[in-house]
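So the chains spell out like this:
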Amino acid sequence: MANAPLKKIITFYCRFTPSYSAIGFYARRLFWRRTGTDFAGQTWLVTGGSEGIGGSAARQAVAGGATVISVARDLGKLKAFAASVKGSGKVLFEVADLSLQEDIRSLLTRLEERKVRIDVLVNNVGIQKRDQILTKEGLETSFSTNILGHYHLTRELLARKMLSENAAVIEVSSGGMYNHALAVKDLNITGSGYLGVRAYGLAKRAQVVLTGYWRQKYAATGKSFYAMHPGWVDTASVGRSMPRFRAMLKSVLRDHSQGADTIVWLAAKRPKQAGGESIWFDRKERSVHIFPHTPKTSDTAADLIATLDSFLQPGLGRAMSAERDADSRQGDAKLRAATA
Ligand SMILES: NC(=O)c1ccc[n+]([C@@H]2O[C@H](COP(=O)([O-])OP(=O)(O)OC[C@H]3O[C@@H](n4cnc5c(N)ncnc54)[C@H](OP(=O)(O)O)[C@@H]3O)[C@@H](O)[C@H]2O)c1
């Protein structure tokens, strides 16, 4: 029994390392055709676009001639990033903390005032927290950053007609979503029962479901909606949130441009999708389930949208959260009583 977790860990790394690391990238690249990356005249908005995967996507877009609006929190980092980018396009930047819905509202206002029309939206920002941290708006930070903010930004850009007719919306999800079924009630855990890796995985699953929803809703338009995952990439957030994972696999982790490759390829190629939910990885549409437990949920895309909408109405989302947390505390108390 003591060896069970070890066996699980070994099975996990044997199964995923060859594919998600740079090894998988180099092997698959042998079969790729050259794709043109002419983005001249396009405007991109990249969240978390001052470093890591988002930074590299922004760099590659500028190299192809795009104007990229990079959004992040740290003005100094954004300025340094913009100054370092080379290409026929350019980088503009906007400071916003995308874990805060009020910052997203004011970002939207600024963009609308400037009459910005976006051709490629890369919802890239994503964080994994070990400890439960609430934003000043009272939401769990990874929920607010990884899914609610993505939904908020996209919903409003669509409603305000700030996405061009043939825009592409690209959600940067994670292989971590494969462990989790959609569980909308567990997305925002502000009380007991929080586990950072689960909160992250649930939000990443929700991104995939959300993308399927947008795709269906806007099927009659020229817009494209893609979810992708980048594999395992050696970025600052991996160093912070998973130091042991990074130390162990550092020599085979992908570099930033390999992590951003499928984002840029999707934006350039706009491939047709089989329909329903899917996730792209290394330029190929993949199944959204690899474990038998994850399709088994009664939660639907409609439930997800209703829940996300509720969090964007003042007061209502918090009330739902409080109800869920009360349930969870009761559950914890029952468990403690049963095991005492
Ligand atoms: N790296 C991997 O192996 C891996 C694997 C699977 C999925 N992913 C996904 O890929 C995406 C990018 O990850 P990454 O590893 O490239 O991250 P990263 O290197 O840590 O980059 C983070 C970027 O996001 C910005 N940012 C962080 N929090 C923000 C906030 N609250 N508001 C606005 N901007 C914020 C940062 O700038 P500031 O600090 O200035 O805000 C920076 O530009 C995420 O969605 C992640 O879940 C990554």
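Details of the structure are given in the entry above.
Numbering of residues begins from 1 in every chain and follows the order in which that chain's sequence is written. Reporting of local features is limited, given that this is a predicted model, to residues whose pLDDT is at least 70; pairs of side-chain atoms are given and counted only at 80 or more, and all residues count toward the totals for whole chains, interfaces and linings. Where side-chain values are given, they derive from all heavy atoms of the structure, hydrogens and water being excluded.

A. Expanded view of the site of the ligand. Think of it this way: one heavy atom of a residue within 4 Å of a molecule or strand is enough to make that residue near it. Close to the ligand lie 31 residues, the nearest being Ser 50, Arg 73, Asn 124, Tyr 200 and Thr 235. Pairs of N or O atoms within 3.5 Å make up the polar contacts considered here, provided that, within protein, one atom can donate a hydrogen while the other can accept it, and that residues adjacent in sequence are counted only when both atoms are side-chain atoms. Note that an oxygen atom of the ligand is positioned 2.8 Å from one of the backbone N or O atoms of Ile 53. Here a nitrogen atom of the ligand sits 2.9 Å away from a polar atom, N or O, in the side chain of Asp 97. Only the protein chains shown count as cover for residues, and all accessible areas are computed by the Shrake-Rupley method using a 1.4 Å probe. Against a free-state accessible area of 900 Å², the protein chains account for coverage of 94% of the ligand.

B. The arrangement of the pairing of strand β2 (residues 67-72) in detail. The rule is simple: take the accessible area with a 1.4 Å probe, protein chains only, and divide by the maximum for that residue type; under 20% is buried, over 50% is exposed, in between is partly exposed. The helix count covers DSSP runs of H or I at least four residues long, the strand count covers runs of E at least two residues long, and both are numbered beginning at the N terminus. With six of its six residues buried, β2 lies for the most part within the structure. Alternating residues of β2 divide into Thr 67, Ile 69 and Val 71 and Val 68, Ser 70 and Ala 72, and every residue in both groups is buried. Strand pairing is assigned whenever DSSP detects at least two bridges linking the two strands. One ladder, built from five bridges, connects strand β1 (residues 43-47) with β2; its direction is parallel. In the sheet register, Leu 45 faces β2, and the bridge partner there is Ile 69. If the strands point away from the viewer and the path from the first strand over the helix to the second runs clockwise, then the crossover is right-handed. Taken together, β1, helix α3 (residues 52-63) and β2 form a β-α-β motif whose crossover is right-handed. Where β2 lies against strand β3 (residues 90-95), six bridges are found, and the strand directions are parallel.

C. Representation of the environment of Ile 279 within the structure. Structurally, Ile 279 is set in strand β7 (residues 279-281). Judged by relative accessible area, which is 0%, Ile 279 ranks as buried. On a C-alpha basis, the gap between Ile 279 and Gly 138 in space is 31 Å, while along the polypeptide they are 141 residues apart. We call two residues in contact when some of their heavy atoms are within 4.5 Å. The contacts of Ile 279, once residues within four sequence positions are left out, are Ser 173, Met 177, Tyr 178, Val 208, Ala 227, Met 228, His 229, Lys 284, Glu 285, Arg 286, Ser 287 and Val 288.

D. Broad picture of unusual backbone geometry. In the Ramachandran plot, Lys 161 falls in the positive-phi region, its phi being about 55 degrees despite a non-glycine side chain. Considering the arrangement of structural elements, one finds Lys 161 in the loop between α6 (141-159) and β5 (163-172). One non-glycine residue, Arg 270, lies in positive phi territory at about 50 degrees. The exposure class of Arg 270 is partly exposed, given its relative accessible area of 25%.

E. Spatial organisation of the nonpolar core. Residues grouped as a nonpolar core are buried Ala, Val, Leu, Ile, Met, Phe, Trp, Tyr and Cys residues, joined through side-chain atoms within 4.5 Å. Among the nonpolar cores identified, the biggest contains 42 residues, and Leu 45, Leu 121, Phe 143, Leu 153, Leu 157, Leu 163 and Leu 304 are the most heavily contacted of them. Elements supplying a minimum of two residues to this core: β2, α5 (101-113), β4 (118-123), α6, β5, α7 (196-217) and α11 (301-311). The greatest single-element share of this core, amounting to seven residues, is contributed by α6. Residues within four places of Leu 121 in sequence aside, it is in contact with Leu 45, Leu 153, Thr 154, Leu 157, Leu 163, Ala 168, Val 169 and Ile 170. Core analysis: the next-biggest nonpolar cluster, separate from the first, contains 28 residues, Val 46, Ala 57, Ala 82 and Val 120 among them.

F. How the structure looks around the packing of aromatic side chains. The aromatic pairing rule takes the rings of Phe, Tyr and Trp, using the six-membered ring of Trp, and pairs them if the centres are within 6.5 Å, calling planes under 30 degrees apart stacked, those over 60 edge-to-face and the rest tilted. Summed over all chains, the structure comprises 20 aromatic pairs. When the ring of Tyr 151 is compared with that of Trp 214, the centres are 5.6 Å apart and the planes differ by 15 degrees; the resulting orientation is stacked. Taken as a pair, Tyr 151 in helix α6 and Trp 214 in helix α7 lie far apart in primary sequence, 63 residues in all. Judged on exposure class, the residue Tyr 151 and its partner Trp 214 are both buried. Consider the rings of Trp 214 and Tyr 218, whose centres lie 6.2 Å apart with planes at 50 degrees: the pair is tilted. Every member of this aromatic cluster is reached through a ring pair, and the members are Phe 12, Tyr 13, Phe 16, Tyr 20, Trp 232, Phe 245 and Phe 281.

G. Main features of the packing of α6 against α7. Following both chains from N to C, one finds α6 and α7 inclined at 20 degrees, their axes separated by 8 Å at the closest point. Taken as axis vectors, α6 and α7 run roughly parallel relative to one another. Note that α6 runs across α7; the crossing there is right-handed. Two secondary-structure elements touch here, α6 through Ser 142, Asn 146, Ile 147, His 150, Tyr 151, Thr 154, Arg 155 and Leu 158 and α7 through Ala 199, Tyr 200, Ala 203, Ala 206, Gln 207, Leu 210 and Trp 214. Residue classes in the contact of α6 with α7 are distributed as nine nonpolar, five polar and one charged. Note on definitions: angles span 0 to 180 degrees between N-to-C directions of axes, and those axes are lines fitted to C-alpha atoms, for helices only across the stretch in contact. Between 65 and 115 degrees an angle is taken as roughly perpendicular, under 35 as roughly parallel, over 145 as roughly antiparallel, and anywhere else as oblique. Crossing handedness is read from the near helix: turned anticlockwise from the far helix by less than a right angle, it gives a left-handed crossing, and turned clockwise, a right-handed one. Three classes are used: nonpolar for Ala, Val, Leu, Ile, Met, Phe, Trp, Tyr, Cys and Pro, charged for Asp, Glu, Lys and Arg, and polar for all others, with Gly counted as polar.

H. Region of interest: the packing of α7 against α11. Between α7 and α11, the shortest axis-to-axis distance is 9 Å and the interhelical angle comes to 105 degrees. In terms of orientation, α7 lies roughly perpendicular with respect to α11. On the side of α7, the interface is formed by Ala 206, Val 209, Leu 210 and Tyr 213, while α11 contributes Ala 301, Leu 304 and Ile 305.

I. A look at helix α2 (residues 22-29). Here α2 has its buried residues at Ala 22, Gly 24 and Phe 25. All buried residues of α2 fall inside an arc of 160 degrees around its axis, so they share one side. In this description, one arc is meant: the one made by directions from the helix axis to the C-beta atoms.

J. Structural detail: the side chain of Thr 17. Counting through the fold element by element, Thr 17 comes out in helix α1 (residues 4-20). Overall, Thr 17 belongs to the buried group, its relative accessible area being 13%. Engagement of the side chain of Thr 17 in a polar contact is seen with the backbone oxygen of Tyr 13, the distance being 2.6 Å. Thr 17 has contacts with Trp 232, Leu 249 and Val 252, leaving out every residue within four places of it along the chain.

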